Amino acid sequence: MSTQGQTSAVDRLWTVEDVSAFLGVPVGTLYQWRHRRFGPPAAKVGRHLRYDPQDVRSWVAEQAA
């Protein structure tokens, strides 16, 4: 059985809502942070922002240091 073409929850990019829930901050805060060039790195995919979960976790670790 091939998993090609299927995305698991592990390698799926996070939405703004996913990151908001993970960090416990409002979605609007994430947009403000991006505008101010702060916060976890995000990529535009079409009209949408997407976050690599590992980048978000690394950013959190950097903030704690």
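Computed from a predicted model, the values in this text were never measured in an experiment.

About the criteria used
- Residues numbered from 1 in each chain as written.
- Predicted model: local features only at pLDDT ≥ 70, side-chain atom pairs only at ≥ 80, totals over all residues.
- Heavy atoms only, no water.
- Salt bridge = Lys/Arg side-chain N within 4 Å of Asp/Glu carboxyl O.
- Buried < 20%, exposed > 50% of the residue type's maximum accessible area, 1.4 Å probe, protein only.
- Phe/Tyr/Trp six-rings, centres within 6.5 Å; stacked < 30°, edge-to-face > 60°.
- Helix = DSSP H or I, 4+ residues; strand = E, 2+ residues; numbered from the N terminus.

Before going further, it helps to spend a moment on the pattern of salt bridges. For the coordinates displayed, the defined rule picks out 1 salt bridge. In this structure, Asp18 and Arg12 form a salt bridge, with 3.0 Å as the shortest nitrogen-oxygen distance. Residue classification places Arg12 among the partly exposed positions, given a relative accessible area of 36%.

So, about the packing of aromatic side chains. Counted by the stated rule, this structure contains 4 aromatic pairs. On the basis of an interplanar angle of 85 degrees and a centroid distance of 5.3 Å, the ring pair of Trp33 and Phe38 is categorised as edge-to-face. Residue Phe38 is classed as partly exposed on the basis of its relative accessible area of 40%. Each ring, one from Phe38 and one from Trp59, has its centre 5.5 Å from the other, and the planes form 80 degrees; the classification is edge-to-face. With Phe38 in the loop between helix H2 (27–35) and strand S1 (43–45) and Trp59 in helix H3 (residues 53–64), this residue pair connects regions lying 21 residues apart in the sequence.

The quantities given are spatial measurements derived from coordinates; they are silent on function.
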